[in-house]
Amino acid sequence: MKNLILICLILNVCVAHADDGYRLWLKYDLLSDASKRAEYQRFSTFIEVRTEPTPVVQTAQAELKRGIEGLLGAKVGATAKLKGGGIILQKNESLPEEGYRIESKDDNLFISGKDERGILYGCFELLRLMQTESPVSGIKIEQAPKIRLRMLNHWDNPLGTIERGYAGASLWKWYELPETIDPRYQDYARANASIGINAVAINNVNASARFLTTEYLSKVKALADVFRPYGIQVFLSINFASPKILDKLPNSDPLDPDVRKWWQEKAKEVYRYIPDFGGFLVKANSEGEPGPQEHGRTHADGANMLAEALRPFNGKVIWRAFVYSPDPAGDRFREAYNEFKPLDGLFDKNVVVQVKNGPIDFQPREPFHPLFGAMPKTPLAMEFQITQEYLGFSTNLVYLATLFKECLEADTYASGKGSTVAKVVDGSVHQYAFTAIAGVANTGSDRNWTGHLMSQANWYAYGRLAWDHTLSEAQIADEWIKMTWTKAPAAVLTIKNLMLRSREIYVNHTTPLGLHHVMGQGIHFGPEPWLSRSARPDWTSIYYHRADSAGIGFNRTVTGSNALGLYHPEVQKQWNNPETCDLNYLLWFHHVGWNKRLSTGKSLWDEFSARYYQGVEEVGWMQEEWAKVRDMVDPEMYADVAGRLAVQYREALNWRDACVLYFQTFSKKPVPAPFQQPTRTLEDLKKIVEIYQLK
Ligand code: GCW
């Protein structure tokens, strides 16, 4: 028996485990570099807590112990009998909120936090440094988040499906709650805490009223109880018509005293269950959801009614600006701006307006939303989409930090040069009293959480950027790869390079040069540029690409919809001249002739069609690069990504052939050399797309 245990132990150490990705970036496997282990060992003999051991502090302590014991393969003591060589967790009131300091002093390592969350985040930072084998000796670093509320928004439905979710079912098992607590809830909270996420809205913004019932509040409470020790607050998406749906009030008019009273009572009830409840997230008068406009009231009236109900408890209203009233003659690009800009300054103090990164809807590339910089008196939250609704679901490798950064670094010029979107969101441009950012989650019940293993990086990168938007996409990729895949320098470089190029590759094989919204109707998967009829004109593809025999693209300049006029004049200057407009945004703002010579020296048609071919070739390049790391990463994880890259190649071919063949019917031009005309016909491609639309 003893021998058997010994053999197992040896095998455990020597044989590479097949990894299913469940452990994300928190594997804590033994570090292979003995000198690094020795360096870290010097301060890892004990952990001492010199502050009140609240649940969050206990989480921090337990995590640190777990991490160090895994990484160093040595036991960590509970308290100091020795003078030096340990880690001390303590408070330091002088630090900024949620901030921490890690400092090596007098033979010990001190992790000080302004508050319990600061301590927790400091512990995760130290573990990240160790996981990436970074130097820790003589360390003194201080960090604090740039944005207060760093949220995940789940579009999870009561029956366990996830709207736009591609990694299995919802993590929340509503029918088992509150009595049964899936251990996965805790693992989920832990992963979030490790990247500084401090709030989650757990249900779909297309909200069921059932979450506000007593029956469901006890379930939500059970989740909140699991998340709390990880510093995570719970929010609920609410259905604006709840008073009517749940309690048969004659209406849900926000100025009706009975309706207001209903929400006040409801808020009280919610806080009885969850004393630290975060607040309500609201999608109203958008895509058929109820809202104040049905009663002749504004978004501000609706938001302020909820704000009044939540105020006694310090709760927040997060009111989404994703609205586009049906105006067939208009331009959807302008709708949110038209509705919200006039309301600037009319929202109560505890209201935040949440704006998607771009004006249409989470496309592979969008210009930043024109509301950023235009609402000086209303705190705006950023809404990014982590789940890849328009970016190939969980079959395409797209590292989204590049997309996030492009938006965050765009300059609004709201108060002079350098007024980036990031600085609007972090409050520094308009001195917002409260700041927030949200990411639509890509998690689900798949063992590896996100379907595509590489999409774990998007969850990770979102959290890291929410904490500090100045981090570079390369640095974030670097640390994520080292924690998730390998620390072998050549492999890290290969994977990083692939990740950093992946978003542009996806843009090339789907929507180059600023083409947008030409994907399969409803499911938003695959190409459907020929889509010409839908329930609304702005749900078709032809509405957006406007291709004709002359050219392609949406004229949003002053001679067109003039949506460009919503931006600061300096921004307009960047985009309003088709000669100088960044090619990445060209078709967002201009209808361009097929023969028009571009800055690349090629005609628009040649450049446009060539990019599809390049995109496909680049997916082939990603496959080759991936093959290079085969022996340096876990075999099961390797194979999973290799398989999905092969799928992406096939899907990229579909995009290329569908778009080239379809737009060729307008341009009437040959595919430019050296590329070959697709061997399939447009009808072939239409059939494939139809299959994906079948019930
Ligand atoms: O992008 C669209 C999605 C809808 C989503 C909506 C929104 C939750 O296709 O599925 O609904 O945006 O953001 O409200």
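Remember, predicted model here, so these are calculated numbers, not experimental data.

A.B. asks: Pulling in residues and values, what's your account of the overall build of the chain?
C.D. replies: In terms of regular secondary structure, the chain is built from 21 helices and 15 strands. Judged by the C-alpha coordinates and their principal axes, the chain covers about 80 × 65 × 50 Å. The buried share of the chain, taken over its 695 residues, is 62%. Of the contacts made within the chain by residues no fewer than 6 positions apart, 72% connect residues no fewer than 24 positions apart. Averaging the positions of the 79 positive and the 81 negative side-chain charges in the chain gives two centres separated by 1 Å.

A.B. asks: Could you give an account of the environment of Q431, with specific residues and numbers?
C.D. replies: Its location among the elements puts Q431 in the loop between α12 (421-425) and β13 (436-440). With relative accessibility at 60%, the residue Q431 sits in the exposed group. Q431 sits 54 residues away from K377 along the chain, and the two C-alpha atoms are 8.8 Å apart.

A.B. asks: So what about the packing of helix α15 (residues 489-510) against helix α19 (residues 604-628)? Which residues, and what values?
C.D. replies: Remark: α15 packs on α19, axes separated minimally by 8 Å, with the N-to-C direction vectors making an angle of 155 degrees. Judged on the interaxial angle alone, α19 and α15 are roughly antiparallel. The crossing of α15 and α19 is left-handed. Of the residues in α19, those in contact with T494, I495, N497, L498, R501, S502, I505, N508, H509 and T510 of α15 are R611, Y612, G615, V616, E618, V619, W621, M622, E625 and W626. Here the contact of α15 with α19 is composed, by residue class, of nine nonpolar, seven polar and four charged.

A.B. asks: Quick rundown of the nonpolar core? Include the residues and the values.
C.D. replies: Burial of nonpolar side chains together is a common tendency in soluble globular proteins. Formed by 225 residues in total, the largest nonpolar core has its most connected members in F227 and W485. Broken down by element, the residue count for this core peaks at twelve residues, all from helix α20 (residues 635-667). Contact partners of W485, with chain neighbours within four places excluded, come to L453, M454, W480, I495, W626, M632, V633, M637, Y638 and V641.

A.B. asks: So what about the sheet that holds strand β11 (residues 351-356)? Which residues, and what values?
C.D. replies: Here eight strands make up a closed barrel; going around it, the order is β6-β7-β8-β9-β10-β11-β12-β13 and the pairing parallel. Adjacent strand axes in the sheet meet at a mean angle of 25 degrees, parallel and antiparallel pairs treated alike. As judged from the four bridges shared by β11 and strand β12 (residues 380-385), these two strands associate in the parallel manner. Among the inter-strand pairings, K356 is bridged to a residue of β12, identified as E383.

A.B. asks: Any details on the site of the ligand? Residues and values, ideally.
C.D. replies: Near the ligand lie 15 residues; those nearest to it are E163, K283, R320, D361 and E389. Within the side chain of D361, an N or O atom sits 2.3 Å from an oxygen atom of the ligand. Separating an oxygen atom of the ligand from a side-chain N or O atom of E389 is a distance of 2.6 Å. Relative to its free-state accessible area of 340 Å², the ligand is covered by the protein chains to the extent of 97%. Classifying every residue of the shell around the ligand by side-chain character gives four nonpolar, three polar and eight charged.

A.B. asks: Residues and numbers for the sheet that holds strand β4 (residues 108-113), please.
C.D. replies: Working definition: the strands of a sheet are paired by backbone hydrogen bonds and lie parallel or antiparallel to each other. Ordered by their spatial adjacency, five strands build an open sheet running β1-β2-β4-β3-β5, and the pairing between neighbours is mixed. Two strands in the sheet have a free side with no partner beyond their single neighbour: β1 (46-49) and β5 (140-143). Sheet twist, expressed as the mean angle between neighbouring strand axes with direction ignored, is 15 degrees. By the bridge criterion, five bridges tie strand β2 (residues 86-91) to β4 in an arrangement that is parallel.

A.B. asks: An account of the pattern of salt bridges is requested, with residue identities and associated values reported.
C.D. replies: What the rule picks out here adds up to 50 salt bridges. The salt bridge partner of D19 is R23, with a shortest N-O separation of 3.2 Å. A residue is classified by how much of its surface remains accessible, and R23, at 33% relative accessible area, is partly exposed. The shortest N-O distance in the salt bridge between K36 and E39 comes to 3.1 Å. Placement of the pair is K36 and E39 together in helix α2 (residues 34-41), with a separation of three residues, close to one helical turn. Like K36, the residue E39 is buried in the burial classification.

A.B. asks: Account for unusual backbone geometry, with residues named and values stated.
C.D. replies: In this chain, L177 is followed by P178 through a cis amide linkage whose omega measures 0 degrees. Looking along the chain, the bond that leaves A673 and enters P674 is cis, with omega of 5 degrees. In this structure, P674 sits in the loop between α20 and α21 (682-693). The phi dihedral of L24 falls on the positive side, at around 50 degrees, and the residue is not glycine. In this structure, L24 sits in the loop between α1 (2-14) and α2. Notably, E133 is not glycine yet its phi reads approximately 55 degrees, a positive angle.

A.B. asks: I'd like a description of a nonpolar patch on the surface, backed by residues and values.
C.D. replies: A cluster of nonpolar side chains, I523, I691, Y692 and L694, forms an exposed patch at the surface whose accessible area comes to about 400 Å². In this structure, I691 sits in helix α21.

A.B. asks: Describe in detail the environment of Q572, supporting the description with residues and values.
C.D. replies: Inspection of the secondary structure assignment puts Q572 in helix α17 (residues 569-575). Counting along the chain gives 78 residues from Q572 to R650, while the straight-line C-alpha distance between them is 38 Å. Contact partners of Q572, with chain neighbours within four places excluded, come to L564, G565 and Y567.

What counts and how
- Numbers given to residues run from 1 along each chain, matching the order in which its sequence is written.
- Per-residue local features of the predicted model are confined to residues with pLDDT of at least 70, and side-chain atom pairs are confined, for both listing and counting, to 80 or more; whole-chain, interface and lining totals are unaffected and use all residues.
- Only hydrogens and water are removed before side-chain values are computed, so all heavy atoms of the structure are retained for them.
- Every helix listed is a DSSP run of H or I at least four residues long, and every strand listed is a run of E at least two residues long, numbered separately from the N terminus.
- Partly exposed describes any residue whose relative accessible area lies between the buried limit of under 20% and the exposed limit of over 50%, with all areas from a 1.4 Å probe on protein chains only and scaled to the type maximum.
- The contact definition used throughout considers only heavy atoms, calling two residues in contact when any of these lie within 4.5 Å.
- Just so you know, the count uses Lys and Arg for positive and Asp and Glu for negative, and it drops His and the chain ends.
- Lys charges are placed at NZ, Arg charges at CZ, Asp charges at CG and Glu charges at CD.
- Note on definitions: angles span 0 to 180 degrees between N-to-C directions of axes, and those axes are lines fitted to C-alpha atoms, for helices only across the stretch in contact.
- An angle below 35 degrees is treated as roughly parallel, one above 145 as roughly antiparallel, one from 65 to 115 as roughly perpendicular, and anything else as oblique.
- Note on convention: the crossing is left-handed when the near helix lies turned anticlockwise from the far helix by less than a right angle, right-handed when the turn is clockwise.
- Residues are grouped as follows: nonpolar covers Ala, Val, Leu, Ile, Met, Phe, Trp, Tyr, Cys and Pro; charged covers Asp, Glu, Lys and Arg; every other residue, Gly included, is treated as polar.
- Put simply, buried Ala, Val, Leu, Ile, Met, Phe, Trp, Tyr and Cys residues joined by side-chain atoms within 4.5 Å make one nonpolar core.
- Pairing between strands requires that DSSP locate at least two bridges from one strand to the other.
- Throughout, the term near means that a residue has one or more heavy atoms lying within 4 Å of the molecule or strand in question.
- We call two N or O atoms a polar contact when they sit within 3.5 Å, provided that within protein one can donate a hydrogen and the other can accept it, with sequence-adjacent residues counted only if both atoms are side-chain atoms.
- Residue-level accessible areas treat just the shown protein chains as cover; the underlying method is Shrake-Rupley with a 1.4 Å probe.
- Note on definitions: salt bridges are taken to be side-chain nitrogens of Lys or Arg within 4 Å of carboxyl oxygens of Asp or Glu.
- Each patch is built from residues that are more than 30% exposed by relative accessible area and take part in no salt bridge. Like charges join if they lie within 9 Å; nonpolar side chains (Val, Leu, Ile, Met, Phe, Trp, Tyr) join within 5 Å.

By themselves, these are just geometric observations and shouldn't be taken as functional.
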